[in-house]
Number of protein chains: 4
Amino acid sequence: MQAAVLVAPGRYEIEEFSRPALPDGALLMQIELSGICGTDKHTYQGETKQYAGTPAETDTPFPIIQGHENVGIVSEITPTAASSLEFYGRPLKVGDRIAMCPDIVCGRCYECTHVMGYVWCEHSDCYGNSYSSADWPHLMGGWSQQMYIRPDTFVYKVPSGLSPKAAVLVELMACAASLDKLKEFSSMSHEGFNSGDTVVVIGSGPLGLLHVAKADMMGAGQVIATDLSETRLAFAKRMGADVTMNVAQTSAEERIALVRELTSGRGADVVLHMANTPASFVEGIEMLKRGGMMLEMGNFADTGEVSINVHRHVCSKNIRLIGITNHPSTGYGPALSLMERHADRYPFEEMVSHQFALADVDLAMRTSMDPTSLKVAMAPNGFI
Amino acid sequence: MQAAVLVAPGRYEIEEFSRPALPDGALLMQIELSGICGTDKHTYQGETKQYAGTPAETDTPFPIIQGHENVGIVSEITPTAASSLEFYGRPLKVGDRIAMCPDIVCGRCYECTHVMGYVWCEHSDCYGNSYSSADWPHLMGGWSQQMYIRPDTFVYKVPSGLSPKAAVLVELMACAASLDKLKEFSSMSHEGFNSGDTVVVIGSGPLGLLHVAKADMMGAGQVIATDLSETRLAFAKRMGADVTMNVAQTSAEERIALVRELTSGRGADVVLHMANTPASFVEGIEMLKRGGMMLEMGNFADTGEVSINVHRHVCSKNIRLIGITNHPSTGYGPALSLMERHADRYPFEEMVSHQFALADVDLAMRTSMDPTSLKVAMAPNGFI
Amino acid sequence: MQAAVLVAPGRYEIEEFSRPALPDGALLMQIELSGICGTDKHTYQGETKQYAGTPAETDTPFPIIQGHENVGIVSEITPTAASSLEFYGRPLKVGDRIAMCPDIVCGRCYECTHVMGYVWCEHSDCYGNSYSSADWPHLMGGWSQQMYIRPDTFVYKVPSGLSPKAAVLVELMACAASLDKLKEFSSMSHEGFNSGDTVVVIGSGPLGLLHVAKADMMGAGQVIATDLSETRLAFAKRMGADVTMNVAQTSAEERIALVRELTSGRGADVVLHMANTPASFVEGIEMLKRGGMMLEMGNFADTGEVSINVHRHVCSKNIRLIGITNHPSTGYGPALSLMERHADRYPFEEMVSHQFALADVDLAMRTSMDPTSLKVAMAPNGFI
Amino acid sequence: MQAAVLVAPGRYEIEEFSRPALPDGALLMQIELSGICGTDKHTYQGETKQYAGTPAETDTPFPIIQGHENVGIVSEITPTAASSLEFYGRPLKVGDRIAMCPDIVCGRCYECTHVMGYVWCEHSDCYGNSYSSADWPHLMGGWSQQMYIRPDTFVYKVPSGLSPKAAVLVELMACAASLDKLKEFSSMSHEGFNSGDTVVVIGSGPLGLLHVAKADMMGAGQVIATDLSETRLAFAKRMGADVTMNVAQTSAEERIALVRELTSGRGADVVLHMANTPASFVEGIEMLKRGGMMLEMGNFADTGEVSINVHRHVCSKNIRLIGITNHPSTGYGPALSLMERHADRYPFEEMVSHQFALADVDLAMRTSMDPTSLKVAMAPNGFI
């Protein structure tokens with residue numbers, strides 16, 4: 001079986017691997033689709049130090065098989081995996097479609113015992129990032145025809161009503177569990193995210209687009225999206241945005257003014273900052289109403305500094321600012337359930353704008369960097 | 001101008017009133033539709049002591065003009081009302097469509113200063129309930145051609161995209177702000193109401209039906225509705241219910257078993273008890289998962305006692321039980337906004353199943369008690 | 001080494017056991033004190049079905065060594081236990097004082113992955129309850145000179161400032177993490193537990209007494225305690241209660257009236273129901289203010305039914321009722337820290353009112369049932 | 001009666017006023033103590049534009065009588081004030097000791113109807129700041145022998161157990177309602193402020209000192225305080241701080257390292273930033289654990305910009321940052337209640353380090369700027 005191996009930043013090779021023998025508890029998954037994520041682009045470009053300031057920061061152990069947004073079919077399974085690997089306790093068998101959380105967590109550290117969903121494990125490893133393909137069992141990423149699933153992986157059965165093209169988005173959709181977090185931090189004093197609220201999504205890449213849909217699903221009264229790509233903004237409207245603003249054609253002042261105009265002069269209740277740049281961070285704060293809440297998920301890698309006025313942007317603005325990295329293991333079930341429920345309401349499948357064979361992995365990577373693309377996915381066993 | 005006056009329990013008379021002179025701050029509203037609510041039925045049947053155990057408990061001051069779910073058109077307005085009566089600060093003028101909160105609150109008592117939305121004012125009065133039509137300004141209920149709006153009323157401009165048949169539901173829809181309350185009480189430890197959750201609505205009368213839609217709007221993963229009327233259950237499906245159970249054709253054990261079957265054996269995350277009977281209260285608790293949350297809004301009037309096992313139903317069940325009466329003044333804006341946004345997704349207008357002229361108020365009242373009706377409304381100036 | 005073995009309900013025998021060989025990860029603990037808990041009394045009296053309606057319900061596997069509230073000294077330790085068994089990652093060595101959570105959890109079930117602190121594990125076992133002393137490693141309860149600690153136990157180092165007499169209370173004190181739960185469910189709309197609130201504790205047994213102290217520690221404005229024992233009520237005052245009411249000398253009506261008098265007529269913000277009877281359940285609700293919150297922890301075993309009025313006690317009362325069983329593994333660290341911090345402020349050590357040798361286990365059990373006792377503890381290696 | 005009038009920045013004059021006639025609802029208060037607050041210093045120094053970016057921003061209407069932290073005795077009262085002015089509905093009479101909230105709010109704007117405690121009223125005015133002493137009723141600040149209390153003022157009866165020296169701190173203590181806010185935003189996922197948490201208070205001026213005490217009162221496990229004054233740090237210890245760090249004698253790196261050392265390497269759960277400088281803002285973030293919560297109350301006036309790294313300080317830090325201005329009207333009752341309850345535990349009275357007669361107002365102002373002072377108060381009718 002073949003896999004695309006990143007032997008060093010910028011250099012892929014297609015390699016042949018043999019089928020690994022499975023210890024009890026493990027399974028083998030035939031990949032249908034494996035998405036390209038922003039993290040993959042950083043690794044490809046040699047920005048291999050990620051998650052700054054956290055214990056998970058490590059260098060990438062080249063060679064690696066990338067791919068952590070995976071959906072596929074169980075192709076071989078061991079008895080214990082069949083009976084108890086699935087996250088919600090459902091039995092698994094060969095032929096079942098599954099998705100997975102790429103994080104392998106320790107379950108014993110302070111973060112694992114104190115934070116729901118194991119999101120901040122101090123010893124977390126990640127499929128598609130942390131494992132060298134030189135080491136057994138080799139097939140630890142999704143840009144491969146078959147992938148090895150360890151007994152300590154979080155695995156989720158895909159509902160029958162959900163196609164692989166929609167299911168490949170589940171890891172990103174699980175990130176939108178962050179909106180439940182905002183609800184958790186809400187109060188009747190109209191902080192957080194309440195029904196009917198105005199939500200601004202800054203940055204309409206794949207993560208932003210799914211947050212547009214999730215905000216719409218969760219009872220937003222008005223959704224406003226920004227991006228520099230008209231393609232993405234057009235797609236944002238199909239995902240539930242009422243108003244879009246092209247940052248290439250408007251000034252920050254104009255965008256802030258429009259948000260105020262659309263909110264009786266008050267500003268947005270919630271801003272979801274999904275852009276990978278500090279440039280729009282202050283703009284996001286200025287779009288908020290007094291006491292509004294901003295979620296920062298965009299600056300997932302180090303993008304430099306920005307200057308803020310503590311008095312004006314924080315204290316007297318009464319801001320509620322929430323930084324979020326990663327997604328909880330508990331977010332996959334709700335994400336799959338909601339994507340199935342609303343499969344006709346949002347064009348999830350069309351978000352997979354491009355599929356590529358393993359041999360075209362370089363082109364796939366370059367396509368994913370083109371702002372007119374949405375989610376680019378590898379299809380190692382043929383297009384779906 | 002005419003009004004239907006309830007001179008004593010069970011006895012209506014159509015009376016003629018003269019147009020009241022308006023003090024500055026007040027306005028006159030030409031009623032388009034005024035809904036019949038459960039409270040109105042209690043009053044009609046002589047159950048005139050309501051809100052047991054709370055300071056608001058009073059006898060009804062017959063004669064009264066009922067009707068507190070009102071939508072209509074501004075027919076006369078004073079300068080201060082034009083500039084500052086609307087809840088969100090928007091200007092008003094003759095011809096504007098408005099809705100209103102029927103509660104008149106003191107704004108100074110412990111409850112007013114400590115609870116958002118003035119829901120539990122210790123001195124609350126209510127249009128359609130607390131004011132005798134014998135006293136000036138007489139026209140203090142919606143079953144009248146014109147209605148007097150005091151300067152201390154919460155008034156809401158109806159969005160242009162919303163018809164009066166949908167807007168007459170806004171007071172009930174504002175009650176569904178209770179679901180935001182459940183979100184407020186939620187945590188990542190999967191209590192409260194999270195995305196993808198299974199929600200059971202017990203009792204699919206008008207209040208239950210709007211909660212079905214609101215749960216669907218707010219990201220429920222699965223909505224299950226019960227009622228004894230097939231008409232209402234069919235409507236529940238159109239409002240977003242996935243599964244319905246007819247309580248006339250199934251046993252409590254069967255219903256509880258089905259909820260467990262639909263939730264991998266765990267039980268529902270959230271139960272919304274909207275039935276006006278204690279009989280299904282314990283059933284609701286037994287439908288919950290451990291740590292599940294039940295909202296009690298159905299037993300709005302005294303319906304007697306029920307026996308519970310404190311150990312089994314409360315302590316070891318780890319129940320989170322929330323009683324809710326009334327709705328916040330802050331709930332109208334979001335309700336109107338969401339009803340307009342989702343006007344094509346839910347058949348709000350069809351929920352107004354019957355309209356009646358003032359002369360037919362008795363028939364209207366009887367129709368509202370028929371479980372095949374949904375929302376019955378008075379249309380004092382002609383059908384809409 | 002010796003242990004008190006409950007060979008059947010009501011019948012103890014002192015048995016001799018040999019020291020078990022320790023697999024890596026385990027340790028041996030020399031018991032200093034092991035408390036007698038309500039659960040132990042139920043088991044002694046043959047009420048061996050507990051946790052009604054939950055998957056953990058099982059019969060007691062006699063013979064057993066009871067004792068799950070344990071503090072002691074590490075007497076033998078294996079390398080992995082030394083480096084990584086402690087919950088917060090601190091190293092352990094022979095001679096260290098430790099406490100422990102008695103629950104052994106699976107860490108993989110729905111409840112373990114969705115609820116903080118593993119409180120509701122579907123496959124939970126419990127030291128002192130679930131393990132037969134006939135099976136290796138035999139010493140699975142604290143009424144023994146030495147106790148075996150499995151590699152999957154939650155173990156906590158006791159701070160140097162805390163004596164064993166105070167530390168033996170830590171499991172009960174960890175139960176008071178429930179008050180943080182009430183804070184979590186609080187809002188600025190004055191629900192839940194806010195600073196300055198009036199808190200009523202119904203039932204001043206050991207659990208109630210520690211909740212009196214915890215409420216005081218967490219910023220209660222006024223604490224009111226009830227019990228039928230003057231000894232306990234006197235102790236409640238030393239733990240922070242401002243007012244006490246003896247239920248043997250007052251009627252429910254008098255107690256409710258006094259709570260209202262002490263709260264400007266409104267009722268308590270929070271009621272903590274810690275009494276093992278349904279009789280005071282409705283009294284607790286009637287002590288609440290509108291929108292008040294009651295915590296039910298007292299009816300830990302099945303005590304029968306009680307009749308409530310759904311309208312008056314739930315809906316129109318706008319009650320927030322929270323059932324709580326068990327305590328989170330994350331509650332021990334804060335409990336130890338707070339008990340050390342406030343060691344001079346509350347008479348924790350004096351709460352251990354009686355100590356008994358293993359040979360006197362019958363007397364110990366009977367003493368624990370006497371309402372003039374507070375916490376009765378076994379001291380298998382001599383009094384402290 | 002005399003008052004100290006600030007006729008222009010930096011220039012006080014003692015003026016004589018005549019007793020105003022009271023309209024029904026008003027009362028006259030003989031000032032015992034009136035604190036000097038940071039806001040007063042800004043005004044004195046001509047920094048008269050405050051609350052940047054909010055609608056309340058206005059120029060100071062010189063001449064004014066300053067003083068908004070007031071405690072005194074009812075010296076004249078009208079019938080309506082006697083029966084219904086007190087916030088909790090208690091009757092008032094001549095001779096009663098009262099405190100007051102200096103904010104006069106509209107009660108009708110979006111902020112008043114949507115945020116508990118009227119903290120962000122769009123049309124707020126403030127005793128001691130917004131009213132010219134040239135206009136009737138002239139005596140609208142506390143640096144006066146008598147002060148006029150309008151019928152729309154929030155007035156609070158001081159409990160009998162509380163001296164005026166303690167009660168003059170109530171407005172500041174009411175600001176510490178912000179800690180309840182942090183609890184409201186907490187979850188069992190150990191965000192927000194939980195029992196046993198480590199709390200760092202940056203800046204131990206009067207506001208910081210009261211937050212040290214409040215954190216201690218609310219169940220902090222460990223409190224760490226910083227300041228540049230040894231006097232204040234010594235006082236912080238008496239208010240409940242376990243560890244203090246002098247910022248004049250340590251580097252930011254040393255302080256961050258010490259916080260990590262005191263928290264098993266993780267960082268603080270909560271940082272309360274009470275220093276009026278952006279310099280320590282980033283330091284505060286770096287003291288936090290991952291997912292920790294910081295409250296920004298210090299930069300109440302514009303102090304310039306600071307540079308942050310959005311990735312490192314917000315996103316990957318998973319920060320929860322809450323800006324807070326002002327305090328709720330609902331915070332006074334709990335503040336008075338807690339100060340009375342814990343009057344023996346904390347040296348509240350000694351926090352009033354200096355008292356001055358009206359004639360010495362210049363010296364009072366300069367003393368308040370000396371970091372060795374704590375709360376400096378005017379005593380217009382003689383020292384207490």
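What you are looking at is a predicted structure, and each value in this text was computed from that prediction instead of being measured.

Rules used throughout
Residues numbered from 1 in each chain as written. Chains lettered and ligands numbered in written order. Predicted model: local features only at pLDDT ≥ 70, side-chain atom pairs only at ≥ 80, totals over all residues. Heavy atoms only, no water. Helix = DSSP H or I, 4+ residues; strand = E, 2+ residues; numbered from the N terminus. Rg over C-alpha atoms; globule rule 2.2 N^0.38 Å. Buried < 20%, exposed > 50% of the residue type's maximum accessible area, 1.4 Å probe, protein only. Contact = heavy atoms within 4.5 Å. Phe/Tyr/Trp six-rings, centres within 6.5 Å; stacked < 30°, edge-to-face > 60°. Lys NZ or Arg CZ within 6 Å of the ring centre and 35° of its normal. Buried area = accessible area lost by both parts, 1.4 Å probe. Salt bridge = Lys/Arg side-chain N within 4 Å of Asp/Glu carboxyl O. Polar contact = N/O pair within 3.5 Å; in protein donor to acceptor, adjacent residues only side chain to side chain. Domains from an automatic or database assignment. Least-squares fit on C-alpha atoms with pLDDT ≥ 70 in both. Arc of directions from axis to C-beta. Pairing = 2+ DSSP bridges. Nonpolar A, V, L, I, M, F, W, Y, C, P; charged D, E, K, R; others polar. Axes fitted to C-alpha atoms, helices over the stretch in contact; angles between N-to-C directions.

Engineer: Which residues make up the overall build of chain A, and what values go with them?
Structural biologist: A count of helices and strands for chain A gives 14 helices and 18 strands. A globule of 384 residues ought to have a C-alpha radius of gyration of about 21 Å, and chain A, at 21 Å, matches this closely. Dimensions of chain A along its principal axes, counting C-alpha atoms only, are 65 × 40 × 40 Å. Residue burial in chain A is summarised as follows: out of 384 residues, 67% are buried. Sequence separation of at least 24 residues holds for 70% of the intrachain contacts in chain A that already meet a minimum separation of 6.

Engineer: An account of the packing of aromatic side chains is needed here, citing residue identities and associated values.
Structural biologist: Taken as a whole, this structure holds 50 aromatic pairs over all chains when the rule is applied. Summarising the aromatic geometry, the rings of phenylalanine 87 of chain A and tyrosine 156 of chain A are spaced 5.2 Å apart at their centres and angled 50° between planes, so their arrangement reads as tilted. With phenylalanine 87 of chain A in the loop between helix H2 (79-84) and strand S5 (97-101) and tyrosine 156 of chain A in strand S9 (residues 154-157), this pair connects stretches of sequence that are 69 residues apart. Each of the two residues, phenylalanine 87 of chain A as well as tyrosine 156 of chain A, counts as buried. Considering the side-chain rings of tyrosine 156 of chain C and tyrosine 332 of chain C, the 4.4 Å spacing of their centres and the 5° angle between planes classify their relative orientation as stacked. Within this pair, whereas tyrosine 156 of chain C is found in strand S9 (residues 154-157), its partner tyrosine 332 of chain C is found in helix H12 (residues 332-341), the two being separated by 176 residues in sequence. Tyrosine 332 of chain C sits in the buried class, given a relative accessible area of 0%. Each member of the aromatic cluster is reached from another via a ring pair, and the members are Phe87, Tyr88, Tyr118, Phe154, Tyr156 and Tyr332 of chain A together with Tyr110 of chain C. Of note, lysine 183 of chain A hangs over the ring of phenylalanine 193 of chain A, and the distance from its end group to the ring centre comes to 4.5 Å. The ring of tyrosine 110 of chain A carries the charged tip of arginine 266 of chain D above its face, separated from the ring centre by 3.6 Å.

Engineer: Got a sec to walk through the interface of chain C and chain B? Specific residues and values, please.
Structural biologist: Listed per partner, the contact involves 52 residues of chain C and 52 residues of chain B. For the pair chain C and chain B, the two sides together bury roughly 4,900 Å², of which 56% comes from carbon and sulfur. Per-residue buried area on chain C facing chain B is highest for Trp120, Arg290 and His311 of chain C; these three make up 15% of the total on that side. Scanning the region where chain C abuts chain B turns up two salt bridges. A salt bridge links lysine 181 of chain B to glutamate 191 of chain C; its shortest N-O distance comes to 2.6 Å. Linking chain C with chain B are 27 residue pairs in polar contact (both at pLDDT 80 or more), by the criterion used here.

Engineer: Describe in detail the domain arrangement of chain A, supporting the description with residues and values.
Structural biologist: Residues and elements named next belong to chain A. According to the domain assignment, chain A consists of domain 1 (2-174 + 328-378) and domain 2 (178-323). Centre-to-centre, using C-alpha coordinates, domain 1 lies 28 Å away from domain 2. In this complex, domain 1 contributes 20 residues to the contact, which on the side of domain 2 involves 18 residues. Taking both sides of the interface into account, the surface hidden between domain 1 and domain 2 amounts to around 2,000 Å²; carbon and sulfur atoms contribute 71%.

Engineer: Account for the relation of the copies chain C and chain B, naming residues and giving values.
Structural biologist: Of the two same-sequence chains, chain C is brought onto chain B (RMSD 0.0 Å, axial shift 0.0 Å) by a rotation of 180°. As the rotation angle and translation indicate, the two copies are arranged about a two-fold axis. Among all residues of chain C, the minimum C-alpha distance to the rotation axis is found for serine 307 of chain C, at 2.1 Å. A share of 100% of the interface residues of chain C reappears at the interface of chain B, consistent with the copies meeting face to face through the same patch.

Engineer: Let's hear about helix H9 (residues 252-261) of chain C: which residues, and what values?
Structural biologist: Residues spaced three or four apart along an α-helix face the same direction, because each turn holds 3.6 residues. Residue and element names in this part refer to chain C. Looking at H9, one finds that the buried residues are Arg255, Ile256 and Val259. Down the axis, H9 shows its buried residues gathered within 100° of arc, on one side only. Turned more than 90 degrees away from the buried face of H9 sit Glu253 and Glu261, all of them exposed. On its buried face, H9 sits against strand S10 (198-202), strand S11 (222-227), strand S12 (243-246), strand S13 (268-273) and helix H10 (281-287).

Engineer: Please set out the pairing of strand S1 (residues 2-8) of chain C residue by residue, giving values where relevant.
Structural biologist: Residue and element names in this part refer to chain C. Counting buried positions over the seven residues of S1 gives five, a clear majority of the element. The pairing of S1 with strand S2 (residues 11-16) spans six bridges and is classified as antiparallel. Of the residues in S2, the one forming a bridge with leucine 6 is tyrosine 12.

Engineer: Quick one: what's the story with the interface of chain D and chain B, residue by residue and with numbers?
Structural biologist: Chain D puts 19 residues into the contact, and the matching count from chain B is 19 residues. Per-residue buried area on chain D facing chain B is highest for Arg108, Thr113 and Met116 of chain D; these three make up 37% of the total on that side. Counting the contacts that link chain D with chain B gives zero salt bridges. Taken together, the connections running from chain D to chain B amount to zero residue pairs in polar contact (both at pLDDT 80 or more). Sort the elements by how many residues they give to the side of chain D that touches chain B and helix H3 (residues 110-114) of chain D lands first, with four residues. Split by residue class, the side of chain D that touches chain B holds 11 nonpolar, six polar and two charged.

Engineer: Mind laying out the sheet that holds strand S13 (residues 268-273) of chain B, listing which residues take part and the relevant values?
Structural biologist: Here we have 12 strands laid out as an open sheet, ordered S12(B)-S11(B)-S10(B)-S13(B)-S14(B)-S16(B)-S16(C)-S14(C)-S13(C)-S10(C)-S11(C)-S12(C), and mixed in their pairing. Two strands close off the open sheet at either side, each with one partner strand: strand S12 (243-246) of chain B together with S12 of chain C. Strand-to-strand twist across the sheet, computed as the mean angle between neighbouring axes with direction ignored, equals 15°. Its contacts with the sheet put helix H7 (residues 206-217) of chain B on strand S10 (198-202), strand S11 (222-227) and S13 of chain B, and the angle it makes with S11 of chain B is roughly 175°. Set on the sheet, helix H8 (residues 230-238) of chain B makes contact with S11 and S12 of chain B; between it and S12 of chain B the angle comes to about 170°.

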